[in-house]
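Structure at a glance
Okay, here's what each chain looks like letter by letter:
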Amino acid sequence: MKIATWNINGVKARISELCQWLESSSPDIACLQEIKSVDEGFPRAEIEALGYHVETHGQKGFNGVALLSKIKPDEINRGLPGDDSDEQARFIEGVFSVKDGVLRVCSLYLPNGNPSDDPVKYPYKLAWMARLQKFAESRLALEEPLILAGDYNVIPEPHDCYDPAVWATDALFLPKTRAAFRNLENLGLTEAVRATTDAQKHYSFWDYQAGAWQKNNGIRIDHLLLSPEAADKLISTDIEKHVRGAEKPSDHVPVIGHFNFSLAS
DNA sequence: ATGCCTAATTTAATTAGA
């Protein structure tokens, strides 16, 4: 089973590229971020025509996440628990049936947090990460396969960016950000890409500006975190770098996990 | 050097991304 996460940077601006990607890459489940659309505006018909179920959690203008799946979800939960006053659409969970039980897949769009000295934005990021920690704790207690997939806006280690000095004071790389990400991993979650490769200059985002793509000035910020029950099923990962070379690309590319989950019979 | 590009909202500048 192929499970993907992709920050698409605007689903309406990217619908042609999205459909081409679904046809060529053919993920069983795709977690999208930054759909930048309300639920009613999401181009679901084109995606359903390719055989996918579509579940969205959108908002006007910014943010927004979605789950596309070849198998129909049994349950969908929208929004990250822990703060009823948070109106930003950054989290959706789907519960699927596989051969031996359930599979939980979450599409998350963790706040950017820049500028890092902003009185609101960086604290919001850290608070969101604390809420994600609580959520992960509660789900791990279920001892089920769980995949937390998304744009974490976290550069985990210095070699996950082209120049650590450039990112030293950035909200994606500050010590508190990296510590919060390690706290998640220390719950027992496995980061799928580093569990399967030590490839260097292995990035998932390249800025549109300053020729970042041409110079391979990338960062790795899109991740799959796996519960032990999901990590046991992990076979390999891919970062579909070629997608960044499309005519009208997102600034992120899909990150893929291959698992040996079997479909429910 | 907080810009260099891009999308969305709205129709000409902003805001946000990272």
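About the thresholds
- Residues numbered from 1 in each chain as written.
- Chains lettered and ligands numbered in written order.
- Predicted model: local features only at pLDDT ≥ 70, side-chain atom pairs only at ≥ 80, totals over all residues.
- Heavy atoms only, no water.
- UniProt positions renumbered as here; feature names shortened; annotations may be inferred.
- Helix = DSSP H or I, 4+ residues; strand = E, 2+ residues; numbered from the N terminus.
- Contact = heavy atoms within 4.5 Å.
- Near = heavy atom within 4 Å.
- Polar contact = N/O pair within 3.5 Å; in protein donor to acceptor, adjacent residues only side chain to side chain.
- Nonpolar A, V, L, I, M, F, W, Y, C, P; charged D, E, K, R; others polar.
- Buried < 20%, exposed > 50% of the residue type's maximum accessible area, 1.4 Å probe, protein only.

The subject of this paragraph is the UniProt feature "active site" (unreviewed entry) in chain A. In the UniProt entry, the feature "active site" (unreviewed entry) is given for Tyr 109, Asp 151 and His 252. Annotated residues spanning 144 residues; largest pairwise C-alpha distance 12.5 Å, indicating a single compact cluster. Within the secondary structure layout, Asp 151 lies in strand β8 (residues 146–151). Other than its neighbours up to four places away in sequence, Asp 151 contacts Thr 5, Asn 7, Gln 33, Leu 108, Tyr 109, Leu 110, Ile 221, Asp 222 and His 252.

In the vicinity of DNA strand B, 25 residues are found, and the nearest of them are Glu 34, Tyr 109, Asn 112, Gln 209 and Ile 219. Within 4 Å of the protein, the atoms of DNA strand B are drawn from sugar and phosphate moieties in a proportion of 72%. One of the side-chain N or O atoms of Tyr 109 is found 2.9 Å from a phosphate oxygen in DNA strand B. A distance of 3.2 Å separates a phosphate oxygen of DNA strand B from a polar atom in the side chain of His 252. In the surface near DNA strand B, the residues fall into 9 nonpolar, 8 polar and 8 charged.

Further remarks concern the UniProt feature "site: Transition state stabilizer" (unreviewed entry) in chain A. According to UniProt, the feature "site: Transition state stabilizer" (unreviewed entry) maps to Asn 153 in the numbering used here. Counting through the fold element by element, Asn 153 comes out in the loop between β8 and α4 (175–186). Filtering out sequence-adjacent residues up to four positions away, Asn 153 remains in contact with Tyr 109, Leu 110, Pro 111, Asn 112, Lys 125, Ala 171, Leu 172, Thr 177 and Ile 221. A distance of 2.8 Å separates the side chain of Asn 153 from the backbone oxygen of Leu 110, its partner in a polar contact.

With respect to the secondary-structure elements, Leu 50 resides in the loop between α2 (44–48) and β3 (53–57). Given a relative accessible area of 29%, Leu 50 falls into the partly exposed group. Once residues within four sequence positions are removed from consideration, Leu 50 is found in contact with Cys 19, Leu 22 and Glu 23.

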